[in-house]
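As a plain string of letters, each chain reads:
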Amino acid sequence: MVALVLATFIQLIAHVYTTAHGLPDAAVTGLHLHEGVVYARAGGVYRLDGDRWVPATALPFDAARLEPPAPPSLAFPPRFYHRQIPVDLDAEPRCAATDGAGHTWIGTSRGLIVTTGDDYLYMIAPGPGGLPYPDVTALAHDPHTGWVWVGFSEGAAVLQAGRWRYVWGRRWMPGTHVYRIVPDGAGGAWLATDGGVAHLEARRMTLEAKAAHFEQINAARHNRYGFTTECRLADPEDLSTCTYIASDNDGLWTSLTVAAEAFRYAATGDPAAHELARTSMQALLELFHKAPGSFVARAIAREDEDNVILSDFSPERWKPSPEAGWLYKTDTSSDEIAGHYFAWYLYSEFVADEQEKRAIAAVARAVTDRLLDDGLRLLRPDGTPTTWGEWSPAALNGDPSWWEERGLNALEILSHLKVAHHLTGEPRFAAAYDSLITRHHYLLNVAEGRVTEPPTAINHSDDELWFVAYYPLGMLERDPARRALLHLSLERSYRTIRPERSPLYAFIYGALTGHPTNALDAIETLERWPWDLRDWTVRNSHRYDLVVDPHRSRPNRLVATTALPIDERSGLMWNRNPYQMDGGRDGRIEFDAAPYLLPYWLGRYHGFIDE
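Residues numbered from 1 in each chain as written. Predicted model: local features only at pLDDT ≥ 70, side-chain atom pairs only at ≥ 80, totals over all residues. Heavy atoms only, no water.

### Some points on the pattern of salt bridges
Stage number 1. Under the counting rule described, the total for this entry stands at 40 salt bridges.
Stage number 2. Among the ionic pairs, aspartate 312 bridges to lysine 329, the shortest N-O distance being 3.7 Å. Note that aspartate 312 is positioned in the loop between strand E23 (308-310) and strand E24 (318-320) and lysine 329 in strand E25 (residues 326-329), a separation of 17 residues in sequence.
Stage number 3. With a relative accessible area of 2%, lysine 329 lands in the buried category.
Stage number 4. One salt bridge in this structure joins lysine 357 and glutamate 354, with 3.8 Å as the shortest N-O distance. Residue lysine 357 and its partner glutamate 354 are both found in helix H5 (residues 354-373); the two are separated by three residues, about one turn of the helix. (Salt bridge = Lys/Arg side-chain N within 4 Å of Asp/Glu carboxyl O. Helix = DSSP H or I, 4+ residues; strand = E, 2+ residues; numbered from the N terminus. Buried < 20%, exposed > 50% of the residue type's maximum accessible area, 1.4 Å probe, protein only.)

Here it is, written out as structure tokens:
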């Protein structure tokens, strides 16, 4: 394994200006940057003063400079070269830009044409691997970076190192129709749109600096007395309107935060990471202590708690806690349990003092004892089965309805038993682990790897659980024969999930196997992770460079044949479908940052990243 020593990278950060910042309710059709001051035409002409747009009463430049130069007309060249890429000369020229190397880029209604003004025309057409959209409405070349910025009637794109990076919607700009693009002289660009003005700032930074930014977001809006929660925004444009959500996944999301901060502490020794991990681990343990009968609650809340939404609230789901003044949520899933064992293991390994280790071991012992007593089923405190808490041989090996979970749930329970034995030394847990392997072929179930056939059975929420369970088991199982089958499973799972370019899966795979992993793609995903974690609506189904997968798509839910880059899709979490073309919730939910922080600090700890 070779660590990648990283320099700085360019983070695109969107600054959006609308009527709330002084612009009129009109399309912005002109834009010009003069001596560091930005001017925009939206009916009248306005200039940016701080973060407000004010009427520009006198212009220090010719007003014609607000508009793009007229494009040249298209005509048949005097000759065509042998096997030259066909050029669409019936297209309507819309805009033009020069690149400083003698080339003129012409934006048309059907794509881009590049020429030196002689008889050779080079066509950049829309299509797979090509231009994302045909209807070009704005063009600009940045002489500092060499980037070519292209505006469309649907979004914009920038050509960076030979690849198109597409931006669309409120994550990047206030409108979707781009009329004018002006480079800002520092790598970014100003965009005039039908909804206002956007400044896409190009800020140089390190991945660690980006992690610090995300830590600030978590602290401001996602730390509910230690629990990592989603934030619901009454006004997506006003981050102060956040309300916490006590959700089905408080346990899992908080576990990922514990894991991220544990790796951070192990990698850096930062006391702040120690404190954040400790606070979140205390919250996790409260999910056990506030529920009766060695049960782990999905979520808990004070009866008088304000500024929190209790998800799916009903007396059947939310029950009074044995501790007065508290409620706990029932029907805990296997997802939550997987998160708890993952966090118990990592916190005990990297962060806990002896007293904390004993406290975690006591909870792990009680939970695991009850799982074994109840036949490897997760039962509610009243004895009724939960919907998804099933790890028994009778179900996984004997009930056809559980075939999709056979491999994953076998992996989970083996991982849980291994962690429980590691934390407690309880012989019963080791015996149960051995029995599931030798008498019920659970390790062979695991060897099948993630389910990919039929394609409709792919479950991205399960993918996250596979790797959360792989890690502790892979670190703790030392028997060569058993490791061989575990690694076979991991190899099969990773081979099919590698195209998604997930740093979490890549670094776990590399850490457990020592095999080469796609670290460059993984790091690019971290670099392109959006600075803004609101779940803005994204749309890609209109694009020409993507191909719809007919086998996995459904009406109103189109899926591409290739995974979308992280900043071109919705759902900034590892349980979301990276192939889904459209999605998002208009920015009314802000995600927490653990999906970035965990793979980053895991990669730092295991030596894949060196900063």
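Okay, back to it.
### Some points on the environment of tyrosine 471
Stage number 1. Examined against the element boundaries, tyrosine 471 turns out to sit in helix H10 (residues 460-476).
Stage number 2. Each C-alpha atom, one on tyrosine 471 and one on phenylalanine 342, is 7.9 Å from the other, the two residues being 129 residues apart in sequence.

### Quick look at the layout of surface pockets
Stage number 1. For the largest pocket, the calculated volume is near 510 Å³.
Stage number 2. Around the largest pocket, the lining comprises 21 residues; the ones closest to its centre are Arg163, Trp164, Arg501, Asp545 and Pro565.
Stage number 3. The element best represented in the lining of the largest pocket is helix H13 (residues 519-528), accounting for four residues.
Stage number 4. Of the residues that constitute the lining of the largest pocket, the class distribution is eight nonpolar, five polar and eight charged.
Stage number 5. Within this model, the second largest pocket holds a volume of roughly 430 Å³.
Stage number 6. Lining the second largest pocket are 22 residues, and of these Ala14, Arg170, Leu239, Asp532 and Arg534 sit closest to its centre. (1 Å grid on protein atoms, 1.4 Å probe; cavity = no way out; pocket = protein on both sides within 12 Å on 5 of 7 lines; lining within 4 Å. Points joined across faces, edges and corners; volume = space filled by probe spheres on them. Nonpolar A, V, L, I, M, F, W, Y, C, P; charged D, E, K, R; others polar.)

### Focus: the nonpolar core
Stage number 1. Counting 115 residues, the largest nonpolar core has Trp344 and Phe507 as its most contacted members.
Stage number 2. Element by element, the count of residues in this core is highest for helix H4 (residues 334-350), at ten residues.
Stage number 3. Those residues in contact with tryptophan 344 that lie beyond four places of it in its chain are Met281, Leu285, Ile360, Val363, Ala364, Val367 and Leu423.
Stage number 4. Among the nonpolar cores identified, the runner-up in size contains 18 residues, and Leu131, Val150, Tyr166 and Trp168 belong to it. (Core = buried A, V, L, I, M, F, W, Y, C linked by side-chain atoms within 4.5 Å. Contact = heavy atoms within 4.5 Å.)

### Quick notes on the sheet that holds strand E20 (residues 230-233)
Stage number 1. Across the sheet, four strands lie side by side as E23-E21-E20-E28; this open sheet has mixed pairing. Two strands lie at the open edges of the sheet, namely E23 and strand E28 (589-590), each paired on one side alone.
Stage number 2. Here three bridges tie strand E21 (residues 242-246) to E23, and the two strands are oriented parallel to one another. Bridge pairing in E23 links alanine 246 to leucine 310.
Stage number 3. Each of E20, E21 and E28 touches helix H1 (residues 207-221); the most contacted strand, E21, lies at about 85° to it. (Pairing = 2+ DSSP bridges. Axes fitted to C-alpha atoms, helices over the stretch in contact; angles between N-to-C directions.)

In short, the description is geometric, and any link to function would need to be established separately.
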